[in-house]
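So you can see what is in the structure, the chains are spelled out below.
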Amino acid sequence: MHVVDSHTEGEPTRVILSGGPDLGSGSLAERAQRLATEHRELYRSLVKEPYGQEAMVGALLVESVNTECVAGIIFFDAAAVIGMCGHGTIGVAATLAHLGKIGIGSHKLETPVGVVEITLQDNNTVSVTNVDSYRLEKDRVIQVDGIGPNGASVDVKGDIAWGGNWFFMVDKSPTAVRPDNIMALTQTAIAIRTALERENITGGEGGIIDHIVLFGDALTPEGHSRNFVLCPDNAYDRSPCGTGCSARLACLAAEDRLPAGKEIIQESIIGSRYSISYQSASRDDLPGDQPVSPTITGQAFVTREATLIFNSQDPLKKGIDL
Ligand code: PYC
C-alpha cells in the first residue's frame, strides 16, 4: 500500500494512493459507507499505531463521480469514517502538488458530503472552500456528568452546527482552553459527547455529533479565539479543524458576530492557525440558520512517502486500541 504522509498545522494526514480496498462503484457516500461497514478493521489499522500514529486521519483517494473533480476522497480516523476533513483536504492538496498531480490554482475534490474547492497558493499553502455550513440549533443545554468540582454535573450550553461533520460548539468552555490543560479538555469533551449520546441529541437526519469544540480566548493578539477539538477517536485536533472552523463561521454569522468576507485567525490548542472567512450561501433547502460558504486557509507539509507492509504473521497488524 503506497501512502504519503503530511501534517497540516500539526495534524497528520495519510493519503492512500494505491493498494487500498476496492469499494466498487456508486456515489462517494455509498463507497464511504462500504468502507465503514465492510473494511472497518483495515481502515482503522492504517492510522492506528504501530502503522499510523495518534491523531492521524486517513484519506483514501478514489475516482470521483463528478467529472469536474481531480479526485474523490474518503476520510477516516481510528474510530470512524467521517464526512469531510478540512486539515485532511489541505494535506491531500499538498500531497497532490508534491506528486506533480496538481499545479498552482483552483481544483475540485469530491467528498461523501459534497464537492469542495481547493486553491493551491504555493506548494504548501492551500485554501479550502468547504461545503455549505450552517447552525442547526442555538444554545442547547445539556447536563454533563463528572466535570464539576468533586465530580459534580455541570450544565453546558452549546450550538449544534454542520461543517461537513456534526459539531457541538461550546463558546464558553467549562475547562480552560490552554495548551497545558489538554488532558482535562479531553475528559470534558468526552463527557459532553457522552451526554449528547445519552440524551439522543443528534445533528440533522439523526447524524451523530462526533466532534466537540471548546472555545477560549486567543493566546495571541491576532487570534479571534483558540479552540480545542475532540475527534471521534478521542484524539484532539492539533490544527484548528477545518470542518470545525466551518461550523464556527456558521455560528458567528448566525449571531451577527462576523460580517461576510472578513478574515479572522482561528488558533488551535497547540497555537497553529487557520485564516478563515465566509460568504453567504444562498440556499433555501437547508434547515437552521442562513448557511455560509466557508473558506479555510492553512499550510501542509509532506513528511513521508512509504509503502506499508502488513505481514500476516504480525500479531499487531490490526493496530493497537489505545
Ligand atoms: O480539519 O476538519 C478537520 C478535521 C476533522 C477531524 C480532524 N480534522
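An account of the accompanying structure is given in this report. A quick note: this is a predicted structure, and the numbers were derived from the prediction, not measured.

If you check the shell around the ligand, you find Glu11, Val57, Cys85, Gly86, His87, Cys231, Asp237, Ser239, Cys241, Gly242 and Thr243 and nothing else. Where the shell around the ligand is concerned, the elements lending two or more residues are helix H3 (86–98) and helix H5 (242–254). Here the shell around the ligand is composed, by residue class, of four nonpolar, five polar and two charged. Mapped onto the domain boundaries, the shell around the ligand takes at least three residues apiece from domain 1 (2–129 + 303–307) and domain 2 (134–290).

Another point: the nonpolar core. It is characteristic of soluble globular proteins that their nonpolar side chains tend to be buried jointly. With 91 residues, the main nonpolar core has Ile74 and Ala161 as its most contacted residues. Top contributing element to this core by residue count: H5, with seven residues. In this structure, this core is formed jointly by two domains, domain 1 (2–129 + 303–307) and domain 2 (134–290), each of which donates at least three residues. Ignoring sequence-local partners within four residues, the contact set of Ala161 consists of Ser133, Tyr134, Arg135, Leu136, Phe167, Met169, Ala247, Ala250 and Cys251.

This paragraph deals with the pairing of strand E2 (residues 11–18). Across the eight residues of E2, six count as buried, placing the element largely inside the fold. As paired elements, strand E1 (residues 2–8) and E2 share seven bridges and run antiparallel to each other. Residue pairing for E2: His2 is matched across the bridge by Ser18. Taking the residues between adjacent antiparallel strands as the criterion, E1 and E2 are bridged by two residues, where Glu9 takes a positive phi near 50 degrees. Two strands pair when backbone bridges link them, and E2 and strand E3 (residues 57–62) are joined in this way by four bridges, in the parallel orientation. Following the sheet pairing, Ile16 is matched in E3 by Leu60.

What counts and how
- Residues numbered from 1 in each chain as written.
- Predicted model: local features only at pLDDT ≥ 70, side-chain atom pairs only at ≥ 80, totals over all residues.
- Near = placed C-beta within 6 Å.
- Helix = DSSP H or I, 4+ residues; strand = E, 2+ residues; numbered from the N terminus.
- Nonpolar A, V, L, I, M, F, W, Y, C, P; charged D, E, K, R; others polar.
- Domains from an automatic or database assignment.
- Core = buried A, V, L, I, M, F, W, Y, C linked by C-beta atoms within 7 Å.
- Buried ≥ 20, exposed ≤ 12 C-beta atoms within 10 Å, placed from the backbone.
- Contact = placed C-beta atoms within 7 Å.
- Pairing = 2+ DSSP bridges.

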